[in-house]
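Here is how the chains run, residue by residue.
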Amino acid sequence: MKSFIIIIIVLFTSHFTYAQSGEDCVTAKCHADMGTKEFVHGPVGAGICTVCHIENPAKKHSFEFAAEKEELCLSCHEAQKDMMLENFVHTPVSEGNCTGCHDPHQSDFKYTLKGEASELCFTCHDSKEFDDNVVHGPVAAGDCNVCHNPHASPNEKQLVSPIETLCFNCHKEQENKMNSRHKHKPAEERCTNCHSPHANKTEFLLPSQSPDLCYTCHEDIKTFTASLYQHKTVADDQCKSCHDAHASDNPRLFPLAQEDLCLSCHNELKEDIASQTFK
């Protein structure tokens, strides 16, 4: 830390001397707009250009970087060094291309980004993948960082949490439901087995609605649709009328105990049973 302070003092002193000679980097003729935007990089705001740029004494107004690629940025942003050790590192970060996303001098955007967060992501990621009939809330709000760390993460796709628990950061009601006795296997494994995390064709970010979605796994149930006599819920393609898609305390993911479930539709039978002495 002591040596770092000494370096800063030396650099500041050299810059001050350079400025006193009338050859400051920011003049009416040269780099006049530097430091004028809302978000200014620290060294620029302090007027210490030589933190990053070192003058080549052999050639006037010729400068070299104080270090190469990410090492230059990490010489100050030491807290970010550990992120390079994570299992999943964002490609620009792994390539040492910090300036792919951040302007090294100034910006109209926080963190001196080169654009709004979501728009900046779309310079590499095809926006068509995020444009469908139904769009996930964070995507629609342009807040990719709700789910993804823009630098690195121990989780795949730089997710801020493991994928099997990430959704529960927002969807607390579903997290509580997954404490039920019986769990739908796809839901127990990961939400993205059925739901797209970005955008999809139908409600709840599903690729299709029941029964088509259900039949992608339950092909044996699909055979019942050829039967002459079908339960009305089956004929009406209403799987969710009798089964919870996520979890339940009742067998077969019934939302109610079996008798209560049947009688929730068959009211006349419910009344008949209630009126009888012997059942």
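Along each chain, residue indices are assigned from 1 in the same order as the chain's sequence is written. Reporting in this predicted model follows two pLDDT cut-offs: at least 70 for local features of residues, and 80 or more for side-chain atom pairs to be given and counted; totals over whole chains, interfaces and linings ignore these cut-offs and use all residues. Excluded from the side-chain calculations are hydrogens and water; all other atoms, namely the structure's heavy atoms, are used.

## Points about the overall build of the protein
Helix and strand assignments come from DSSP, with helices taken as H or I runs of at least 4 residues and strands as E runs of at least 2, each series counted from the N terminus. Secondary structure summary: the protein contains 14 helices and 10 strands in total. Here the protein has a C-alpha radius of gyration of 30 Å; the compact-globule value for 279 residues is 19 Å, and the former is much larger. If one aligns the C-alpha atoms of the protein with their principal axes, the spans along those axes are about 105 × 35 × 30 Å. For the protein, the residues scored as buried account for 23% of the 279 residues in total. Sequence-distant contacts in the protein: of pairs separated by 6 or more residues, those separated by 24 or more amount to 51%. Here, Shrake-Rupley sampling with a 1.4 Å probe gives the accessible areas, and only protein chains in the shown set may cover a residue. Within the structure as shown, the protein displays about 19400 Å² of accessible surface, and the carbon and sulfur contribution to it stands at 56%. Positive residues here are Lys and Arg, negative ones are Asp and Glu, while His and the chain termini are left out of the count. Charge positions come from single atoms, namely NZ of Lys, CZ of Arg, CG of Asp or CD of Glu. Of the side-chain charges in the protein, 24 are positive and 41 negative, and the distance between the mean point of each set is 1 Å. Computation of the radius of gyration draws on C-alpha atoms alone. For the globule rule, the value is 2.2 Å times the number of residues to the power 0.38. With a 1.4 Å probe rolled over the protein chains alone, any residue whose accessible area is under 20% of its type maximum counts as buried; one over 50% counts as exposed, and the rest are partly exposed. By definition, residues are in contact when any of their heavy atoms lie within 4.5 Å.

## Examining the side chain of Asp244
The residue Asp244 is located in the loop between α12 (232-235) and β10 (247-248) in this model. N or O atoms closer than or at 3.5 Å make up a polar contact, with two conditions inside protein: a donor-capable atom paired with an acceptor-capable one, and, for residues adjacent in sequence, both atoms drawn from side chains. In terms of polar contacts, Asp244 uses its side chain to reach the side chain of Lys177, at 2.8 Å. At 3.2 Å, the side chain of Asp244 and the backbone nitrogen of Ala247 are in polar contact.

## Considerations on the packing of aromatic side chains
Any two rings among Phe, Tyr and Trp, with Trp reduced to its six-membered ring, count as a pair given centres within 6.5 Å; such a pair is stacked if its planes are under 30 degrees apart, edge-to-face if over 60, and tilted if neither. Inspection of every chain in the model, using the stated rule, returns 1 aromatic pair. Seen from their ring centres, Phe122 and Phe130 are 5.3 Å apart, and the 45° between their planes marks the pair as tilted.

## A word on the pattern of salt bridges
The salt bridge definition used is simple: a Lys or Arg side-chain nitrogen within 4 Å of an Asp or Glu carboxyl oxygen. Scanning all chains against the criterion turns up 4 salt bridges. When the shortest N-O distance is used, the salt bridge between Lys177 and Asp244 registers 2.8 Å. Taken together, the residues span a long stretch of sequence, with Lys177 in helix α8 (residues 172-177) and Asp244 in the loop between α12 and β10 at a distance of 67 residues. By relative accessible area, Lys177 is classed as partly exposed at 27%. Residue Asp236 pairs with Lys232 through a salt bridge whose shortest N-O separation is 2.6 Å. Lys232 sits in the exposed class, given a relative accessible area of 60%.

## Some details on unusual backbone geometry
Cis peptide bonds are those with omega within 30 degrees of zero, and the linkage from Ser210 to Pro211 qualifies with 5°. Position of Pro211 among the secondary structure elements: in the loop between β9 (199-200) and α10 (212-215). Positive phi outside glycine occurs at Tyr111, with the angle close to 65°. Take Tyr111: it is sitting in the loop between β5 (106-107) and α5 (117-121). What makes Tyr111 exposed here is its relative accessible area of 56%. Positive phi is not limited to glycine here, since Lys157 has a value of about 60°. Mapped onto the secondary structure, Lys157 falls in the loop between β7 (152-153) and α7 (163-166). On the accessibility criterion, Lys157 (58% relative accessible area) is exposed.

## Structural notes on the confidence of the model for the protein
The pLDDT value expresses, per residue, how confident the predictor is, ranging between 0 and 100. In this model, the protein carries a mean pLDDT of 87, and residues with pLDDT of at least 70 account for 92%. Below a pLDDT of 50 lies the segment residues 1-22, which in the model reaches 21 contacts outside its immediate sequence neighbourhood of four places, other chains included.

## Let's talk about the side chain of His90
Mapped onto the fold, His90 is located in the loop between β4 (88-89) and α4 (91-94). Separated by 2.7 Å, the side chain of His90 and the backbone oxygen of Pro150 make a polar contact. Excluding residues that lie within four positions of it along the chain, His90 makes contacts with His125, Pro150, His151 and Gln158.

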